[in-house]
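# Summary of the model geometry
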Amino acid sequence: MTATSFIGYSRGVHNGPLSHATNPATGEVMEPGFASPSADEVESAVQLAAAAFPAYRQLTAATRADFMRTIASEIETSIDAIWTRGTAETGLPEARLRGETARTVGQLRLFAAMLDDGSWLDARIEHAQPDRTPLPKPDLRSMLRPVGPVVVFCASNFPMAYSVAGGDTASALATGCPVIVKAHSSHPGVAEIVAAAVIRAAQQCGMPEGVFSLLYGSGRDVGMTLVKHPQIKAVGFTGSRAGGRALMDAAAARPEPIPVYAEMSSINPVVMLPEILAEKAPALAEGFFQSLTMGVGQFCTNPGLLFLPEGSESAFLEKLTSLIHDAAPGVMLNAGICQAYLDATNATVAHEGVEKIASEKIPAPGQGAPVVFRCNAATFLQNPTLTHEMFGPASLIVTGTWEQITAAANSLEGQLTASLHGTTNDLAAAAALMEILERKAGRIVFNGFPTGVDVSHSMVHGGPYPSTSDGRSTSVGTMAAYRFCRPVAWQNAPQEQLPDELKDANPLRIARMIDGKRCDP
Ligand code: NAP
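Residues numbered from 1 in each chain as written. Predicted model: local features only at pLDDT ≥ 70, side-chain atom pairs only at ≥ 80, totals over all residues. Heavy atoms only, no water.

Our next topic: the pattern of salt bridges. Counted by the stated rule, this structure contains 22 salt bridges. In this structure, K233 engages E256 in a salt bridge whose closest nitrogen and oxygen atoms are separated by 2.9 Å. One end of the pair, K233, is in the loop between α7 (219-228) and β10 (234-238); the other, E256, is in the loop between α8 (241-253) and β11 (260-263), and 23 residues separate them in sequence. A relative accessible area of 21% places K233 in the partly exposed class. (Salt bridge = Lys/Arg side-chain N within 4 Å of Asp/Glu carboxyl O. Helix = DSSP H or I, 4+ residues; strand = E, 2+ residues; numbered from the N terminus. Buried < 20%, exposed > 50% of the residue type's maximum accessible area, 1.4 Å probe, protein only.)

For the rest of this paragraph, the subject is the state of the cysteines. Taken as a whole and judged by the stated rule, the model has zero disulfides. Cysteine C485 remains unbridged, with the sulfur of C177 as its closest cysteine sulfur at 6.5 Å. (Disulfide = S-S within 2.5 Å.)

The next subject is the site of the ligand. Contacts to the ligand come from 23 residues, most closely from S156, G219, S240, M264 and C300. A distance of 3.0 Å is found between an oxygen atom of the ligand and a side-chain nitrogen or oxygen belonging to K182. For the ligand, an oxygen atom lies 2.7 Å from a polar atom in the backbone of G219. For the shell around the ligand, the secondary structure elements donating two or more residues are α7, α8 and α11 (335-349). Taken domain by domain, the shell around the ligand gets at least three of its residues from each of domain 1 (6-26 + 37-129 + 143-264 + 471-483) and domain 2 (269-446). (Near = heavy atom within 4 Å. Polar contact = N/O pair within 3.5 Å; in protein donor to acceptor, adjacent residues only side chain to side chain. Domains from an automatic or database assignment.)

What follows deals with the packing of aromatic side chains. The tally for this structure, following the rule as stated, stands at nine aromatic pairs. Arranged with centres 5.8 Å apart and planes meeting at 65°, the rings of F153 and F237 form a pair that is edge-to-face. Taken together, the positions of F153 in strand β7 (residues 150-153) and F237 in strand β10 put the pair 84 residues apart, joining distant regions of the chain. Neither F153 nor F237 differs from the other in exposure class; each is buried. (Phe/Tyr/Trp six-rings, centres within 6.5 Å; stacked < 30°, edge-to-face > 60°.)

Attention now goes to the domain arrangement of the protein. In terms of domains, the protein is made up of domain 1 (6-26 + 37-129 + 143-264 + 471-483) and domain 2 (269-446). Here the C-alpha centroids of domain 1 and domain 2 sit 33 Å apart. Taking both partners together, domain 1 and domain 2 bury about 1,100 Å²; carbon and sulfur atoms supply 54% of that area. Joining domain 1 to domain 2, the criterion identifies one salt bridge. On inspection of domain 1 and its partner domain 2, the count reaches three residue pairs in polar contact (both at pLDDT 80 or more). (Buried area = accessible area lost by both parts, 1.4 Å probe.)

It is worth spelling out unusual backbone geometry at this point. At the junction of E31 and P32, the peptide bond is cis and its omega measures out at -5° in the coordinates. Mapped onto the elements of the fold, P32 is located in the loop between β3 (18-19) and β4 (34-35). P134 follows T133 through a cis peptide bond whose omega is 5°. Here P134 is to be found in the loop between β5 (124-126) and β6 (140-146). Positioned with a positive phi, V296 is a non-glycine residue whose angle comes to about 50°. Tracing the backbone through its elements, the reader meets V296 in the loop between α9 (274-293) and β13 (305-309).

Right, here's the structure in full:
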């Protein structure tokens, strides 16, 4: 490994502060040390991205699609290096690293297919009506265009799918935006392997230098410099509420404010209704336990809050308690996340009226053990801090009357997901709750659990603040591309001045809206 930043097609040479990954399973400090870029190197990466933008945005959709597919293929050639280094850096098992890599290349190819189709551009044509009264109507045509260089912060909990060539990078590159990635200090080696694959693909496809760079270094230094740089036009982030908020505030305070798409904190409420609890409480407990403990609970969609109607809960709690007692702790992603998990669970149990159901197995250093807390709805409603995310395999069960549960749901902050378990009768009786959940969450799951986010055209992985910084967007699926575009209209433009997508002849044969009607090619 070279262990320096990727500045366009060159590697950083700065010998400044080195940062080492730590194997969370063993505590071993891993070699090599990764060098923070100098201020000049950060500036070079930004200038290269800015210089690449005019050329990159003008490439045909087919050329960008080819680039995306080549990145996917190059990542696949590195799979053994990815999982070998990745398991050591993150404590995640080989199967997870392989699965996440498959998801990462799958989403790159999905964005390539979106580019082939072309309808995502929302191309609209309205012909002129010179005879319209009282005013003539001009010829107006519009479509989405890329915003400019985008900074992407890698996530600690998804070393592949939300990192170097993950969803944020794929959606920005697809739209025509160059990307500068800020690597996460937890998995710098995986970052180097994936960045090298992206650079190989860029060179093979003849992309302008600067279409992609990757920088090591700290968030507060390198990350903030990037977010404040006038050439940067948008930011993608997954991580803590404090980190996301700091970036949002810095971006808003710039002379030219820019959007930050931060995915931050969500406790993903689950509600189980009385009739279904009477029918299959043990199976529901098993499903909830699997969702809670998957990946040692380190998913943004982890079910951190469960509402159970009073009087229907005993069989469910009995089964869940036995599962939790027998559950094994697991290695967490890094020491900081493990400590934050301990602090968060200690803070929850410190509330009067909260009791704890915990694993009987003692976690080793670096491990997190599954734990479930329980309180009544009155306690929950009186203590807003009980809604804070406990990032790990922990959840709070709240029991109460139907009115209390509805009030508690109404008191929640914005969420990525909300899940409802109910029979047809249960769901019919829960219309008021459903209306509340739709206002609170980006995705409503029926008779299922929130973990497992399909990468597809209709997926919404977003939600009102603080689950994300902008609830009008998603960070997963092809709708994620809209974050990095803006609409542009051409008025009375001669045919030869129009992008191909808006020409009368429709040379790219894409679906468009013409004079208010959707038209297939
Ligand atoms: P993080 O601390 O927010 O860090 C994520 C990235 O943002 C890192 O590159 C970090 O740089 C940078 N950063 C953080 N604070 C910053 C600031 N004030 N200014 C500029 N850059 C900043 O998240 P994390 O390391 O992944 O995990 C920490 C905690 O975040 C977890 O314990 C968990 O509570 C939460 N988390 C939540 C989710 C979720 O999906 N809900 C996912 C991951 C983490 P440095 O590495 O240099 O600090």
